[in-house]
Every structure is written in structure tokens, then in C-alpha cells.
Amino acid sequence: MSVRIHQGVVIAFVVFLSFTLTVGITQYSFGVFVTDLEGDLGWSRAEITAAVSFFALVGIFSLPAGWLLDRYGARPVMAASLTALAVSYLLRPLMTEVWQFYALNAIQFAAMPGAVIITAGRVVGEWFEASRGRAMGLTAMGANFGGIIFSSLTATLITTIGWRSSYFVYGLLFAALVPVVILVVRDRRSAVDEGGEEAGDHDPALGGATVAQALRSRPFWLVTLALVLATMTYGSVLPQVVPHLENEGVSKTSAAAALSLFALFGMCGKVSFGWMTERLPSRYVMAASIACQVTGLWVLLAAGSASWFWAAVPVFGLGFGALGALMPLLVQETFGLRAFGTIFGLINFATLGSALAGPLWVGASFEETGSYRFAFMALSVAFVVAAATVAFARPYTGPSARPTAAPATADAS
């Protein structure tokens, strides 16, 4: 058992590194590149922001990534996805036309589900049955750790070596992680088989609903609606934080520093909210994290360029950071691990609409009003609806469901 736990910790650390690179580079650094692309290549703010709409491909490719994960395991899915991310960034220094930027962002977002979003939930769920909340929180902290590093690092790199070389360096980092994944990552089932045991009933993935059972259940549609609205923060809020603050009169350095602090508090949010899911139903913890985002967004809007905009950082950061860890935990607690990859892939696929329309609408709203204020206020209303909806998403209790690791106090009725 000790060897099995040790192996799980090493695998979780590699997933942590994948989170660090994937989220730190693709999301936290995006806004830092905006003004340089705008000035050097002559693209408009709306054209650049439109690239974030390819985040919709995260939803489209979540379904095949989840199916491949259930069928072939985490290692090949992660390795192929990180290779695609490396190619996306290694080619960016050659960009001259905006369609090339769109194509490379399409590759980037198509690869994200297999790199972290789908695979992390399954790997952690298999290797850490009893401490799933804390393990998922600690592993997903890599996303915020990446934000701490890459938002400020990107500003420094662009100033020092230019935006083209900065993109190339990031491509090399993705490429370096691929062989590590191939050597280290294993599914628990394959590790048991390699040890000469039969997975059988010890396979934690056997518990829970099938895909068909989930689709026929009320919790599936409640969870889906809530996450469709809640995940708008990724494509419609986070990439616009630095441009918004700059537009309000905050310096680029201070705006990038605020984004780094968002990530720092987000790390705390992942662990603390993850720990809470071991004592409270995940749906209530998710609602609380979304409420923090709403509060932080309102403070950010009310402050403008005044120094107390910093007060929004811990509130929004805690709630936003927790979201990445709580999504797979919510799906695991609601439906189990039996078909986690496919079910979570279906839910992520449903985010396609908001991921496609959200950034385009935010960019158009900015062009029309010269501010992100109206868009952010409308998004905060969507988050309120998400928090209210997820609170009613009770776990699936169909006749074929088998118990998985879940909080003793969770309401499973």
C-alpha cells in the first residue's frame, strides 16, 4: 500500500506540473501579450480577444478526450495533448496574419482537456479515494502556481526578449514535459495489473452511474447548467483582467501583479475548498466558491483605478481558484468514477456555447462602450444563477450506483 501511495504522489506531482504549464501559459499569460500583438501586428483588440473564443474547443474535445481516457488511460492522452500544446507555441513566432493566431489557439484549446481538465480528475480520483478533496486541491494548485509564475514572467520576457521569443520558450517547456509524462504517469488499474493482481472489485472506477443513467438523471442537467455558467469566468473574465485594469488607469506592472495574486489566493482556494468537500456536499462548496467570484467581481468594478481594487484579489482569487478543483470533485461525487471521463467530457462539451459566445460578446461590448464594466456586471448575474442551480444538484442514487469515496456528511438523497 505504501508503494502504491508513493507512486500516486509522484504521478499527482506530474499532473501538478501539467496544470502549471497549461493553465499558466494559455490563460494567465494571454492578456499580457494583448497590447504587444496589437501594437506590433496591427490587430485590433476585438480581433485578438476573439481568439479566446476557441476556448469552445475545450468543450468539443472534452468528449473524445474523456472517451479515450476511459478506454486507454491517462498516459497516452496526456502525452499527445502536451505535444500538441508544444507545437502550438513553437510556431507562434512565425505569425504574421490573424488567422494564424486563431489556428494556433485552436490547437491549444483542443489539447487542453487531455492535458489537464479531464485526465487530472480521473487520475486523482483513482489514486486518492479517501482524501480526494485535498489531493485534487493540491494537484490543481498547479494552475494557480502557473498564474503566479507566468503572468509576471511573461511581462518580463516580453520586455527582455520580445513576444516572439517568449512564445518559443513556452513551446520548449511544453515539449520538455512530454517524456516525463511517458515515464511516470500510470492509471491505478494498470499499476495493479503490473503488480500481478486483478483489479476486479478493487477498481474504484467501477462505482457510480453509467453514461446512459447520468443522461436520464436530473442532477446531470443541473450540474451541466451550473458549470456552463460558472466556467464563463475562464474565457470571459480571466483573460480580460489585465486589459480591464489597464483601461481603468492601472499600470501594466500593477495589473500583472494583481493577476499573480489572483493565482496565489487561488492556490489557497483549491486546498481549502477541496478540504471542505470532504466534510460538506460538493454542490454547496461549489456554490460558495461562485459566490466569492461574484463578490470579488463587484468589488473590482466598484473600485476602478482606486487602490482598493486590491481588495477584490483575495475574494475573487479564492473562489476562482477553487473552481478548477471543485468541478471534477462535483462530478465524481454526483456520478462516481465508473464513466467519469465520458460524463465529465459531456459536461465540458456543453460549455461550448458559453465559451464561444462569451469572449466575442465581451470584446464587442468593449468596442461599443470602451469599457469592460457592462460585460462584467452581466457575467456576475450569470454566476449568481450558477450558484443557485448547483445547490440543487443532489448525487445520483440510481439502483446500480455503487458508493465511491464521498464526504460522510454529504446528502446523498
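Residues numbered from 1 in each chain as written. Predicted model: local features only at pLDDT ≥ 70, side-chain atom pairs only at ≥ 80, totals over all residues. Heavy atoms only, no water.

Draft legend 1. A look at the overall build of the chain. Within the chain one finds 18 helices and 0 strands. By residue count, 59% of the 413 residues in the chain fall in the buried class. Here the analysis covers contacts within the chain between residues at least 6 apart in sequence; of these, 83% occur between residues at least 24 apart. When the accessible area of the chain is evaluated, it comes to approximately 15000 Å², of which 69% is carbon and sulfur surface. (Helix = DSSP H or I, 4+ residues; strand = E, 2+ residues; numbered from the N terminus. Buried < 20%, exposed > 50% of the residue type's maximum accessible area, 1.4 Å probe, protein only. Contact = heavy atoms within 4.5 Å. Areas by Shrake-Rupley, 256 points an atom, 1.4 Å probe, with all protein chains shown as cover.)

Draft legend 2. Representation of a nonpolar patch on the surface within the structure. Judged by side-chain polarity, Ile60, Phe61 and Phe349 come together as a nonpolar surface patch covering roughly 240 Å² of accessible area. Its place among the elements puts phenylalanine 349 in helix H16 (residues 340–349). Under the relative-accessibility criterion, phenylalanine 349 is labelled partly exposed at 35%. (Patch = residues over 30% accessible without salt bridge, like charges linked within 9 Å, V, L, I, M, F, W, Y side chains within 5 Å. Salt bridge = Lys/Arg side-chain N within 4 Å of Asp/Glu carboxyl O.)

Draft legend 3. Summary view of the side chain of threonine 119. Mapped onto the elements of the fold, threonine 119 is located in helix H6 (residues 98–127). A polar atom in the side chain of threonine 119 sits 3.2 Å from the backbone oxygen of glycine 114. (Polar contact = N/O pair within 3.5 Å; in protein donor to acceptor, adjacent residues only side chain to side chain.)

Draft legend 4. Fine view of the packing of H6 against H16. With their axes 10 Å apart at the nearest point, H6 and H16 run at an angle of 145° to one another. Here H6 and H16 pass one another in a crossing that is right-handed. Between H6, through Ile117, Ile118, Gly121 and Arg122, and H16, the contact on the second element is made entirely by Phe340, Gly341, Phe344, Gly345 and Asn348. Residues of the contact of H6 with H16, tallied by class, amount to 4 nonpolar, 4 polar and 1 charged. (Axes fitted to C-alpha atoms, helices over the stretch in contact; angles between N-to-C directions. Left-handed = near helix turned anticlockwise from the far one by under 90°. Nonpolar A, V, L, I, M, F, W, Y, C, P; charged D, E, K, R; others polar.)

Draft legend 5. Focus on helix H2 (residues 30–41). Here H2 spans 16 Å end to end across 12 residues, near enough to the 16 Å set by a 1.5 Å rise per residue. Listing the buried residues of H2 in full gives Phe30, Gly31, Val32, Phe33, Val34, Leu37 and Leu41. (Expected span 1.5 Å × (residues − 1).)

Draft legend 6. Layout of empty space enclosed by the protein. One pass over the structure, following the stated rule, counts 4 cavities of 30 Å³ or more. If you go around the largest cavity, you meet 25 residues; those closest to its centre are Phe19, Ile117, Tyr234, Gly324 and Met327. Those elements that provide at least two residues to the lining of the largest cavity are helix H1 (2–28), H6, helix H7 (132–184), helix H15 (312–335) and H16. If one sorts the elements of the lining of the largest cavity by residue count, H15 sits on top with 5 residues. Residue composition of the lining of the largest cavity, by class: 18 nonpolar, 6 polar and 1 charged. Volume-wise, the second largest cavity comes out at about 60 Å³. (1 Å grid on protein atoms, 1.4 Å probe; cavity = no way out; pocket = protein on both sides within 12 Å on 5 of 7 lines; lining within 4 Å. Points joined across faces, edges and corners; volume = space filled by probe spheres on them.)

Draft legend 7. Structural context of the side chain of glutamate 278. Inspection of the secondary structure assignment puts glutamate 278 in the loop between helix H13 (252–276) and helix H14 (282–303). For glutamate 278, a relative accessible area of 18% corresponds to the buried category.

Draft legend 8. Expanded view of the packing of helix H5 (residues 74–90) against H6. Contact pair H5 / H6: the axes reach a minimum separation of 8 Å and the direction vectors enclose 150°. In terms of their interaxial angle, H5 and H6 are classed as roughly antiparallel. Two packed elements cross with a definite hand, and for H5 against H6 that hand is left-handed. Facing H5, whose interface residues are Ala74, Val77, Met78, Ser81, Leu82, Ala84, Leu85, Ser88 and Tyr89, H6 presents Leu104, Ile107, Gln108, Ala111, Gly114, Ala115, Thr119 and Val123. Looking at side-chain class alone, the contact of H5 with H6 contains 12 nonpolar, 5 polar and no charged residues. (Parallel < 35°, antiparallel > 145°, perpendicular 65-115°, else oblique.)

Draft legend 9. Inspection of the pattern of salt bridges at higher detail. Here the structure, examined in full by the defined rule, presents 4 salt bridges. Arginine 122 serves as the salt-bridge partner of aspartate 70, at 2.4 Å between the closest nitrogen and oxygen. Placement of aspartate 70 in helix H4 (residues 56–72) and of arginine 122 in helix H6 is noted, with a sequence separation of 52 residues between them. For arginine 122, a relative accessible area of 2% translates into the label buried. Between glutamate 278 and arginine 134 there is a salt bridge, with its nearest N and O atoms 2.9 Å apart. With a gap of 144 residues between them, glutamate 278 in the loop between H13 and H14 and arginine 134 in helix H7 connect regions that are remote in the sequence. For arginine 134, a relative accessible area of 36% corresponds to the partly exposed category. The structure contains a network of salt bridges with shared partners spanning Arg134, Glu278 and Arg279.

Draft legend 10. Seen up close, the layout of surface pockets. By volume, the second largest pocket is sized at about 190 Å³. Together, Phe61, Pro64, Ala65, Leu68, Tyr72, Pro76, Val77, Ala80, Ser81, Ala110, Ala111 and Gly114 line the second largest pocket. Of all the secondary-structure elements, those providing two or more residues to the lining of the second largest pocket are H4, H5 and H6. Class assignment of the residues belonging to the lining of the second largest pocket gives a composition of 10 nonpolar, 2 polar and no charged.

Draft legend 11. Layout of the environment of arginine 373. Relative to the helices and strands, arginine 373 is located in helix H18 (residues 373–390). For arginine 373, a relative accessible area of 34% translates into the label partly exposed. The contacts of arginine 373, once residues within four sequence positions are left out, are Glu248, Leu301 and Gly304.

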